[in-house]
Structures are given as structure tokens and as C-alpha cells.
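Inside the fold
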Amino acid sequence: MTLKRVRTPCIGVCSTVFGDTVCRGCKRFAHEVVNWNAYSDAEKAVVWRRLDGLLKLVVNNYIHVVDSQRLRTAMEYQNLRFQSEMSPEGWVPDLLKAAGHQNLDYPAFGLRLLVDPAEYSPRALYDLLSAEFYALSRAHHERCFTQPERLISLVQQAADELL
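What comes next is a walk through the structure. Numbering of residues starts from 1 in every chain and runs along the sequence as written. Per-residue local features are limited, in this predicted model, to residues with pLDDT of at least 70; the limit for side-chain atom pairs, both in listing and counting, is 80 or more; totals at the level of whole chains, interfaces and linings are taken over all residues. Side-chain numbers come from the whole structure's heavy atoms, not from hydrogens or water.

What follows covers the overall build of the protein. Numbered from the N terminus, helices here are DSSP runs of H or I no shorter than four residues, and strands are runs of E no shorter than two. The helix and strand tally for the protein stands at 5 helices and 2 strands. Only protein chains enter the accessibility calculation, which uses a 1.4 Å probe. A residue is then buried if its area is under 20% of the maximum for its type, exposed if over 50%, and partly exposed in between. Classification of the 163 residues of the protein by burial places 37% in the buried group. The Shrake-Rupley method, run with a 1.4 Å probe, gives the accessible areas here. Residue values count only the displayed protein chains as cover. Counting every atom, the protein has about 10100 Å² of accessible surface; 54% of that belongs to carbon and sulfur.

Below you can see the structure in the form of C-alpha cells.
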């Protein structure tokens, strides 16, 4: 019997060891990085879905995946690494990073660029996507983990003032 292990989103650029609450590499929350090996497959899948959903929001502002099979085939042909747990939009940053500052034939990869390619090299676009993805991940962390603490604090303050 072979068990399929859920891969980690880690890309080897962890910033949580330096105190970041959201990893600048994989965009997971610090507690997810620390506890990943203890998570069930279902818990890992929830993390993957969140990462994929946020990344799709960002990618769709700049690039449209016209043909996901063409994208997959071209990336495999080029021997480019991509996270199979992600949607095709989630593979786009890996392609952009690999292309670097070279011109990229977006239609050959089943993609339609929504911005002027003269303004953005693939690497510049990768950096932009990564920065926006990080900002969304931080905002999500703030909303889910920091704001509830502030709300509790405000409620406690109001209760203290009433007493």
C-alpha cells in the first residue's frame, strides 16, 4: 500500500525564523510552518486551498490562463517545477521566476498577458505577484488572528468602563 503524502508549500526561503508572522517564501502563517508535520491531510489541504485562492486573486489581475493543459504540458516539457496542489494560476509564478528577465512566449504556455509586456519582464511580474500575494496573506492573518484579539481587548475595555 502506497500512501500519497501531502507536500509542503515550503520553497526554502523561510522568514518565520526571523520573526515574520507570515513566511515571505511560501506565504504560510508561522504556526502553520511550525506545525505542518503534525497536521492531518485535511488540515494541510485547507492551507493549500487558502494559498491557492489568494494566489489566484493576484495572478488573475495580470495573466489569464487560457489553456491549463497547454501550460502544464509546456512546463513539464521545459522541466519546470510547479506545485501540483495548486490550480494552473498557482503555477504561473514558477514559470515567471524560471523565465527571469528573458522574453516569454505567453501564448505558447496557454497564457494571455493582461499588462504591457514592455513594462514587466517575467521576473518583474513575478516580484509584483509575490509582493501582492504576501500582502494578501498578511491581511488574511491580520483579519483572522490579530483583529479578534483587538476586538476582545476593546470589548474588555468597554466592560471595564461600565463597571
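This is not the end of the story, as more comes after the structure.
Here a helix's expected span is defined as the number of its residues, less one, multiplied by 1.5 Å. For helix H2 (residues 41-59), spanning 19 residues, the distance from its first C-alpha to its last is 26 Å, which sits close to the expected 27 Å at 1.5 Å a residue. Burial in H2 covers these residues: Lys 44, Val 47, Trp 48, Arg 50, Leu 51, Asp 52, Leu 54, Leu 55, Val 58 and Val 59.

Further remarks concern the packing of aromatic side chains. Pairing of aromatic side chains requires ring centres within 6.5 Å, counting the rings of Phe and Tyr and the six-membered ring of Trp. Pairs whose planes differ by under 30 degrees are stacked, by over 60 edge-to-face, and all others tilted. Tallied over the full model, the rule gives 2 aromatic pairs. Both rings, one in Phe 82 and one in Trp 91, keep their centres 4.7 Å apart while their planes meet at 50°; by these two values the pair is tilted. Using a relative accessible area of 4% as the deciding quantity, one classes Trp 91 as buried. By the criterion adopted, a ring carries a charge over it if an Arg CZ or a Lys NZ lies within 6 Å of its centre and within 35 degrees of its normal. If you follow Arg 28 out to its NZ or CZ, it ends over the ring of Trp 36, 5.0 Å from the centre.

The next subject is the packing of H2 against helix H4 (residues 88-99). Axis geometry follows a simple rule: fit a line to the C-alpha atoms, using only the stretch in contact for helices, then measure angles between N-to-C directions, giving values from 0 to 180 degrees. H4 packs onto H2 with a crossing angle of 70° between their chain directions and a minimal axis gap of 8 Å. The orientation of H2 with respect to H4, classified from their angle, is roughly perpendicular. The interaxial crossing formed by H2 with H4 has left-handed handedness. Together, Asp 52, Leu 55, Lys 56 and Val 59 of H2 and Glu 89, Gly 90, Val 92 and Pro 93 of H4 make up the contact between the two elements. These descriptions rest on fixed angle ranges, namely under 35 degrees for roughly parallel, over 145 for roughly antiparallel, 65 to 115 for roughly perpendicular, and the rest for oblique. Left-handed describes a crossing whose near helix is turned anticlockwise from the far helix by less than a right angle; the clockwise case is right-handed. Working rule for contacts: check all heavy atoms of both residues, and any pair within 4.5 Å makes them a contact.

Turning our eyes to something else, we now look at the environment of Asn 37. Its location among the elements puts Asn 37 in the loop between helix H1 (30-35) and H2. Between the C-alpha atoms of Asn 37 and Thr 8, which are 29 residues apart in sequence, the distance is 8.8 Å.

With that out of the way, let us pick up helix H3 (residues 68-77). Along H3, the residues classified as buried are Leu 71, Ala 74 and Met 75. The arc that holds every buried residue of H3, seen down its axis, measures 100°, which confines them to one face. As for H3, its buried residues are in contact with strand S1 (63-65), H4 and strand S2 (111-113). Directions pointing from the helix axis toward each C-beta atom define the arc.

Before going further, it helps to spend a moment on the side chain of Asp 52. The topology assignment puts Asp 52 in helix H2. Buried charge without a salt bridge: Asp 52, with Lys 56 as the nearest opposite-charge side chain at an N-O distance of 4.6 Å. Setting aside chain neighbours within four positions, we find Asp 52 in contact with Met 86, Ser 87 and Gly 90. Working convention for charge: Lys and Arg count positive, Asp and Glu count negative, and His plus the chain ends are omitted. Salt bridges are counted wherever a side-chain nitrogen of Lys or Arg sits within 4 Å of a carboxyl oxygen of Asp or Glu.

Attention now goes to unusual backbone geometry. Although it is not a glycine, Lys 27 sits at a positive phi angle of roughly 75°. Looking at the secondary structure, you find Lys 27 in the segment before H1. With phi around 60°, Asn 79 is a residue other than glycine that occupies positive phi space. As for its placement among the helices and strands, Asn 79 is situated in the loop between H3 and H4. In this structure Asn 79 comes out as exposed when scored by relative accessible area, which is 69%.

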